[in-house]
Amino acid sequence: MIHFGRTALVGAFSMAIAMPALAQDKTEISVSRFFGSCEADYGDVTDASEGRGECGIVTALINEFNATSDKYVAKEEIVEWPGYDQLTARLRNGEPPTISVMHQSILSDYASRDLLMPLGEALEKAGVDLADITDAAREGVTKSGDIYAMPFDTLGWLWHTNTNLMAQADLMQADGTPVMPSSPDEMLAQARQFKEATGKPYLCESSVGGAQGYARTLFTLLYQQDHAFFADPAKIDLSADATRNYIDLFQTLYSEGLSSTNYDYSAATAAFPQGECGIYIMGTWLIDSYQKASTEDGALKNGYYVQPFPQLFGQDGLWSDGHSWVIPRQELSAEQHEAAIAFLTFLWDNNFEWARTGHLPVRKSIIESDAFVALPARERLDRVAAHGKAFPAAVKRQFTVTDVVGEEMQAAVNSQKSADDAIAAAEKRINDMLARAN
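Quick caveat: nothing in here was measured; it's all calculated off a predicted structure.

For the rest of this paragraph, the subject is the pairing of strand S11 (residues 318-321). By the alternation rule, side chains of S11 split into Leu318 and Ser320 and Trp319 and Asp321, which are all buried. As defined by bridge partners, strand S7 (residues 155-162) adjoins S11 across 2 bridges and the pair is classed as antiparallel. Residue pairing for S11: glycine 156 is matched across the bridge by serine 320. Inspection of the sheet shows S11 paired to strand S13 (residues 388-389) by 2 bridges, in the parallel sense. Bridge pairing in S13 links tryptophan 319 to lysine 389.

Below, the discussion takes up the environment of tryptophan 159. One can find tryptophan 159 in strand S7. When the C-alpha positions of tryptophan 159 and tyrosine 305 are compared, they lie 8.3 Å apart, and in sequence the two are 146 residues distant.

Here we take up the packing of aromatic side chains. Following the criterion strictly, the structure yields 26 aromatic pairs and no others. Ring plane angle 50° and centroid distance 6.4 Å describe the contact between tyrosine 84 and tyrosine 110, whose orientation is recorded as tilted. Taken together, the residues tyrosine 84 in helix H4 (residues 84-92) and tyrosine 110 in helix H5 (residues 107-111) connect sequence positions 26 residues apart. The exposure class assigned to tyrosine 84 is buried, which follows from its relative accessible area of 7%. By relative accessible area, tyrosine 110 is classed as buried at 2%. By the ring-pair criterion, three or more aromatic residues cluster together here, those being Phe34, Phe35, Phe65, Phe152, Trp325, Phe343, Phe346 and Trp354. Taking NZ or CZ as reference, arginine 113 lies 5.3 Å from the ring centre of tyrosine 110, over its face. Positioned above the aromatic ring of tyrosine 305, the side-chain terminus of arginine 380 is 3.8 Å from the ring centre.

Once that is clear, we can look at the sheet that holds strand S1 (residues 27-33). Pairing within the open sheet is mixed, and its 5 strands lie in the order S2-S1-S3-S12-S6. Across the chains shown, the open sheet's two edge strands, defined by having one partner strand only, are strand S2 (72-78) and strand S6 (150-151). Judged from the 2 bridges that link them, S6 and strand S12 (residues 323-326) form a sheet pairing that is antiparallel. Looking across to S12, one finds that proline 151 is bridged to serine 324. Most of the contacts of helix H14 (residues 334-349) go to S1, to which it runs at about 50°, and overall it touches S1, S2, strand S3 (99-103), S6 and S12.

Along the polypeptide, threonine 269 turns up in helix H12 (residues 265-271). Excluding residues within four positions of it along the chain, threonine 269 makes contact with Tyr280, Leu286 and Tyr290.

We now examine helix H9 (residues 184-198). Helical periodicity: at 3.6 residues per turn, an α-helix aligns residues three or four positions apart in one direction. Look at H9: 21 Å from first C-alpha to last across 15 residues, which is about the 21 Å you get at 1.5 Å a residue. Of all the residues in H9, the buried ones are Pro184, Met187, Leu188, Gln190, Ala191, Phe194 and Thr198. Buried residues along H9 cover an arc of 170° about the axis, so they all sit on one side. Seen from the open side of H9, the exposed residues pointing more than 90 degrees away from its buried face are Asp185 and Glu196. In the core, the buried residues of H9 are packed alongside S7, helix H8 (163-168), strand S8 (203-204) and helix H11 (241-255). With its phi angle positive at about 75°, glycine 199 sits one or two positions after the end of H9.

The next subject is the state of the cysteines. Under the defined criterion, the tally for this structure stands at 2 disulfides. What pairs with cysteine 38 in a disulfide is cysteine 55, and their sulfur atoms sit 2.2 Å apart. Judged by the sign of its S-S torsion, about -105°, the cystine formed by cysteine 38 and cysteine 55 is left-handed. Pair noted here: cysteine 38 is in the loop between S1 and helix H2 (39-42) and cysteine 55 is in helix H3 (residues 53-68), with a separation of 17 residues, a long-range link. According to the relative accessible area criterion, cysteine 55 is buried, its value standing at 13%. A sulfur-sulfur distance of 1.9 Å marks the disulfide that ties cysteine 204 to cysteine 277. With the S-S bond torsion at -105°, the cross-link from cysteine 204 to cysteine 277 turns out left-handed. Pair noted here: cysteine 204 is in strand S8 and cysteine 277 is in the loop between H12 and strand S9 (279-283), with a separation of 73 residues, a long-range link.

Take the side chain of serine 294 next. As for its position among the elements, serine 294 is in the loop between helix H13 (287-293) and strand S10 (304-308). Residue classification places serine 294 among the buried positions, given a relative accessible area of 7%. A polar atom in the side chain of serine 294 sits 2.6 Å from the backbone oxygen of glutamine 291. Leaving out residues up to four positions away in the same chain, serine 294 has contacts with Leu300, Lys301, Asn302 and Tyr304.

Rules used in this analysis
Residues numbered from 1 in each chain as written. Predicted model: local features only at pLDDT ≥ 70, side-chain atom pairs only at ≥ 80, totals over all residues. Heavy atoms only, no water. Buried < 20%, exposed > 50% of the residue type's maximum accessible area, 1.4 Å probe, protein only. Helix = DSSP H or I, 4+ residues; strand = E, 2+ residues; numbered from the N terminus. Pairing = 2+ DSSP bridges. Phe/Tyr/Trp six-rings, centres within 6.5 Å; stacked < 30°, edge-to-face > 60°. Lys NZ or Arg CZ within 6 Å of the ring centre and 35° of its normal. Contact = heavy atoms within 4.5 Å. Axes fitted to C-alpha atoms, helices over the stretch in contact; angles between N-to-C directions. Expected span 1.5 Å × (residues − 1). Arc of directions from axis to C-beta. Disulfide = S-S within 2.5 Å. Polar contact = N/O pair within 3.5 Å; in protein donor to acceptor, adjacent residues only side chain to side chain.

Geometric values such as these leave the question of function open.
Structure representation (structure tokens):
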């Protein structure tokens with residue numbers, strides 16, 4: 001187990017084998033999280049270094065905290081992604097979890113309504129070196145001058161690539177890396193070449209219920225075209241040619257069968273390692289799982305390459321967000337608050353383990369460490385940290401904004417609406433909502 005900074009809490013008892021009487025002696029807190037359920041594989045794993053993928057690593061982290069603490073126990077509560085409706089309902093009922101995972105893009109909605117406890121002073125007193133937080137992570141969890149969450153990662157928009165199929169399409173370079181497009185025209189040409197050679201779509205897309213993916217790709221390409229679609233945080237502007245450039249490109253890919261047309265997120269995520277397409281545009285959270293698949297027999301064996309979304313327009317940029325941990329506003333005993341801070345500090349100490357998922361760590365000392373640099377593909381992810389962009393912090397309802405934009409762009413790409421109608425509908429729906437929110 002690799003630890004950075006403070007030494008993790010140590011103790012004698014494992015929750016996996018502890019007697020009920022021993023558990024009763026510990027202060028219990030509840031930890032609400034998404035990332036899926038994998039108790040069958042990781043329910044008894046108490047060493048986080050043995051976890052794989054988001055679900056496996058977060059489960060093992062919680063198990064290790066319980067196994068190594070002689071004072072506290074974290075009760076895991078697994079919710080469906082993203083879980084914010086449920087969290088809001090529990091806050092209204094006065095029964096929130098002690099700790100909850102939260103995207104940094106939604107943090108402002110809760111912090112601005114005084115629904116979260118500020119954490120900066122408590123974390124610093126517990127020994128967390130706030131100066132070690134990366135700039136991107138600190139910006140993501142800082143609202144109104146205070147830190148309202150323990151940052152967990154920085155995530156970005158990537159191209160997961162099957163180089164075995166790219167080789168069949170003669171789209172590999174002499175150095176063993178795949179040919180990547182540097183313009184929309186190049187992307188279309190390569191996509192057509194790939195399909196002609198392999199008979200398969202160039203892209204796997206979550207085209208059924210995958211609204212967030214469409215929005216994240218649009219935002220990436222708007223950033224690359226220097227279009228400030230939230231120049232006014234209370235009003236979105238998608239009217240520029242930059243939005244139509246995205247729609248034209250992906251509508252062509254869809255209409256020519258150069259992207260898949262019938263996958264939802266789960267199906268697309270499974271189809272890529274099965275060799276059903278060349279590229280899967282999705283986030284950092286899949287790196288560890290796909291890296292593992294590339295070491296096993298199958299279509300991806302020795303053929304996995306990942307890098308940030310390529311620069312197709314004039315400047316670099318890509319969608320970015322981050323996970324964090326918050327303490328919802330509630331009445332906690334001194335012991336419960338101490339336990340909650342101890343859990344958050346444990347996650348800070350073990351941020352390297354979480355970074356194995358593929359997400360970027362939130363600690364400068366880990367990013368600069370030999371252990372992190374030695375992880376597969378990490379040397380190619382510096383563009384996420386350097387050019388990843390989030391919405392301005394003042395934009396409210398960011399998750400809903402992303403859903404609405406994605407729904408309308410999906411309708412345009414799939415030719416269910418004209419580009420103009422989809423853009424107008426997205427602007428009206430979002431701006432009406434933001435007018436009410438502000």
